[in-house]
Amino acid sequence: MSTLVNLPPLPENVVIRQLYLGCLSQASYLVGDATTGRAIAVDPRRDIDEMLTVAADAGLTIELIVETHFHADFLSGHLELAEATGAEIGLGAAGTTEFPSRALADGEIIDLGGVTVEVLATPGHTPESVSLVVRPSAGAEPLAVLTGDALFIGDVGRPDLLVSANIPAEEMGALLFKSVHRLMELPDDTMLLPAHGAGSACGKSLSTDTVSTIGAQRLTNYAVQPMTEQAFIDIVTEGQVEPPAYFGTDAALNRMERPLFHEEVPTNVLDLEAFDAAVADGAAILDTRSVETFALGHLRGSINICLTGRFAEQAGSLIAMDRPAVLVGDAAGVAEATLRLGRIGFDNVIGALLDPEGVIATQPERADRLSRLTAAEFTTRRAELGDQLQVIDVRNAGEVADAPLDGTVNIPLTRLVDNLDTLDRNSPVAIVCAGGARSGIANSVLKGFGFTDVSDVLGGTSALGIDAACTLGDPA
């Protein structure tokens, strides 16, 4: 469930609701006029029930669904919400879609009968990016600006995600420089409402705050300080984290007609025979239980990603989006996992096995365990094995640069599966991260891919006395 964030007091006719989802660091918005009951939805998720409930509670009818850009980190709910409401879908004029959509021109005014929303073209994160300036009435001073991924609290959107589409980061960075300066021309007291907060891979220094002002950013945001265009490009492209592997897929899917997601459909419960058949056909086994429980006993070949962290992002990086999956865990965990996977477009969940402990108890030959080392045990093992021990650091490159651990190979967790062939499957492996969460996941990945002598370090580099400068909101 997302959090309905309390915003500063607004004029009586203005309705702005921020629905913030912490596990994806993503914000959706409802903007409307309380007098006329007309509203727009901005950057909705695929599970649309909350948005519909919030609109109904405010007495608003959603007439238009606006995407600030083609999102890469989640599969937007514009098609689901359009089906439910009959609303048009709008996006920046530089974007094209397979589904019917309305091109929103720079300077266009969306009139809600009193409240107005002005479209500003703010390319740079993507070519079609727009921001939305909200005024209580036509010609009034701006009240708020919804900036999508152009301007964040404490940061700006990264301009390098389209390099794989042959659009250079330098070119996008130059556009972003102009867009950010255009946004900074708004009055200081204009409320700033971005699409993401801390933990998002769409930037590198995002604040844990989800509401700010243009004036506050003028004072505190490193990327809006006086500098040349080239200096801006250099500073915002430096030290970006490796994006999750599914980002390119979602950016493409958000342009396309695709099957709709219905959150009320339950996950199919599998018996052991059906589970085995699915795995034999190539399905990944995704165990959603805690790493502590998983480490003590799990079905051989399983990947463990628990629900307390950035489950969807990690699953989308470690399991190919076109590969089917079977879930393992209790009924509540499986339902939550299915929902979170659906939010990123991972819809190929065949079903779930709800009693792994029972299977292990009756068929112990199917069970495996994780080897987990304390910091002292890791130090001893490293001294004993020397160069024979492969130490894999799954932190992001920026974390490693800030707090290096000598003699390691750095493979960020989001790129681990793509780099398995660079590792020696016949030599022992120890895995570290900042606090132990990501290394536990990586341990299960290597075990699932047939590595036999794998351990992870409990407490990570923190337990080893190395302070890692993690990105705010990042998993440990």
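Placed above this text is the structure.
Overview of the structure. What you are looking at is a predicted structure, and each value in this text was computed from that prediction instead of being measured.

Looking now at the overall build of the chain. Helix and strand counts for the chain come out as 15 helices and 24 strands. For the chain, the C-alpha atoms occupy an extent of roughly 70 × 50 × 40 Å along the three principal directions. Considering the chain as a whole, with its 476 residues, one finds that 57% of them fall into the buried category. The contacts in the chain between residues at least 6 apart in sequence include a share of 68% that link residues at least 24 apart. With an accessible surface of roughly 18,300 Å², the chain has 53% of that area assigned to carbon and sulfur atoms.

Under the counting rule described, the total for this entry stands at 2 aromatic pairs. Note on Tyr-246 and Phe-247: the rings are 5.2 Å apart at their centroids and 75 degrees apart in plane angle, and the pair reads as edge-to-face. Of the two residues, Tyr-246 and Phe-247, both sit in the buried class.

In this fold, Thr-414 is placed in the loop between β22 (409-410) and β23 (429-432). If sequence neighbours within four positions are ignored, Thr-414 has contacts with Glu-242, Pro-243, Pro-244, Ala-245 and Ser-317.

Now for helix α10 (residues 331-343). Compared with the 18 Å implied by 1.5 Å per residue over 13 residues, the 19 Å span of α10 between its first and last C-alpha is a close match. Taken together, the buried positions of α10 are Gly-333, Val-334, Ala-337, Thr-338, Leu-339, Arg-340, Leu-341, Gly-342 and Arg-343. Lining the buried residues of α10 we find β2 (14-21), β14 (284-287), α9 (311-318), β17 (325-328) and β18 (349-353). Positioned one or two residues after α10, Gly-345 has a phi angle of 90 degrees, which is positive.

This next bit is on the packing of α9 against α10. At their nearest, the axes of α9 and α10 sit 9 Å apart, and the two run at 70 degrees to each other. Judged by the angle between their axes, α9 and α10 are roughly perpendicular. Relative to α10, α9 is oriented so that their crossing is right-handed. Contacts between α9 and α10 involve Phe-311, Ala-312 and Ala-315 from the first element and Ala-337, Arg-340 and Leu-341 from the second. Split into classes, the residues belonging to the contact of α9 with α10 amount to 5 nonpolar, no polar and 1 charged.

Taken in spatial order, the 6 strands line up as β8-β9-β10-β11-β12-β13 in an open sheet, and their pairing is mixed. With partners counted over all chains shown, the strands left at the sheet margins are β8 (109-111) and β13 (212-213), one partner each. Inspection of the sheet shows strand β9 (residues 116-121) paired to strand β10 (residues 130-135) by 6 bridges, in the antiparallel sense. Its bridge partner lying in β10, Thr-116 is registered against Arg-135. On top of the sheet, helix α3 (residues 169-183) reaches β9, β10 and β11 (144-148); it is set at about 150 degrees to β9, its chief contact.

A few words on the environment of Phe-232. Tracing the backbone shows Phe-232 in helix α5 (residues 229-237). A relative accessible area of 1% means that Phe-232 is categorised as buried. The spatial distance from the C-alpha of Phe-232 to the C-alpha of Asp-421 is 37 Å, given a sequence separation of 189 residues. Apart from the residues within four sequence positions on either side, Phe-232 is in contact with Val-156, Gly-173, Leu-176, Phe-177, Val-180, Ala-223 and Met-227.

Our next topic: the pattern of salt bridges. Here the structure, examined in full by the defined rule, presents 25 salt bridges. A salt bridge links Arg-46 to Glu-80; the nearest nitrogen and oxygen atoms lie 3.2 Å apart. In this pair, Arg-46 is assigned in the loop between β4 (38-42) and α1 (49-57) and Glu-80 in helix α2 (residues 78-85), connecting sequence segments 34 residues apart. Here Arg-46 and Glu-80 have matching classes, each one buried. Here Glu-88 ties to Arg-102 by a salt bridge, and the two come within 3.3 Å at their closest N and O atoms. Of this pair, Glu-88 sits in strand β6 (residues 88-92) while Arg-102 sits in strand β7 (residues 102-104), and the two are 14 residues apart along the sequence. You can call Glu-88 partly exposed: its relative accessible area is 42%. The exposure class of Arg-102 is partly exposed, given its relative accessible area of 25%. Members of the salt-bridge network, linked through shared partners, are Arg-45, Asp-47, Glu-50 and Arg-343.

Glancing now at the state of the cysteines. Scanning the model with the defined rule gives 0 disulfides in all. Counting only cysteine sulfurs, Cys-306 is the nearest neighbor of Cys-23, a cysteine outside any disulfide, at a range of 12 Å.

Summarising the element assignment, Glu-171 is placed in helix α3. Separated by 100 residues in the primary sequence, Glu-171 and His-71 place their C-alpha atoms 19 Å from one another.

Okay, the nonpolar core next. The biggest cluster of nonpolar side chains holds 49 residues, and the ones touching the most others in it are Leu-286, Ile-305, Leu-327, Leu-341, Phe-346, Leu-416 and Leu-446. Sorting the residues of this core by element identifies β14, α9, β17, α10, β18, β23 and α14 (437-448) as the ones contributing at least two each. Val-14, Ile-16, Val-130 and Leu-143 belong to the second largest nonpolar core, which has 26 residues in total.

Next up on the list: empty space enclosed by the protein. Rolling a probe over the atoms, with the probe sized like a water molecule, indicates the empty space that remains. Enumeration over the complete set of coordinates arrives at 2 cavities of 30 Å³ or more. Volume-wise, the second largest cavity comes out at about 50 Å³. Looking at the second largest cavity, the residues that line it are Leu-19, Ser-28, Pro-44, Arg-45, Asp-47, Ile-48, Glu-50 and Met-51. Grouping the amino acids of the lining of the second largest cavity by side-chain chemistry returns 4 nonpolar, 1 polar and 3 charged.

Parameters at a glance
Residues numbered from 1 in each chain as written. Predicted model: local features only at pLDDT ≥ 70, side-chain atom pairs only at ≥ 80, totals over all residues. Heavy atoms only, no water. Helix = DSSP H or I, 4+ residues; strand = E, 2+ residues; numbered from the N terminus. Buried < 20%, exposed > 50% of the residue type's maximum accessible area, 1.4 Å probe, protein only. Contact = heavy atoms within 4.5 Å. Areas by Shrake-Rupley, 256 points an atom, 1.4 Å probe, with all protein chains shown as cover. Phe/Tyr/Trp six-rings, centres within 6.5 Å; stacked < 30°, edge-to-face > 60°. Expected span 1.5 Å × (residues − 1). Axes fitted to C-alpha atoms, helices over the stretch in contact; angles between N-to-C directions. Parallel < 35°, antiparallel > 145°, perpendicular 65-115°, else oblique. Left-handed = near helix turned anticlockwise from the far one by under 90°. Nonpolar A, V, L, I, M, F, W, Y, C, P; charged D, E, K, R; others polar. Pairing = 2+ DSSP bridges. Salt bridge = Lys/Arg side-chain N within 4 Å of Asp/Glu carboxyl O. Disulfide = S-S within 2.5 Å. Core = buried A, V, L, I, M, F, W, Y, C linked by side-chain atoms within 4.5 Å. 1 Å grid on protein atoms, 1.4 Å probe; cavity = no way out; pocket = protein on both sides within 12 Å on 5 of 7 lines; lining within 4 Å. Points joined across faces, edges and corners; volume = space filled by probe spheres on them.

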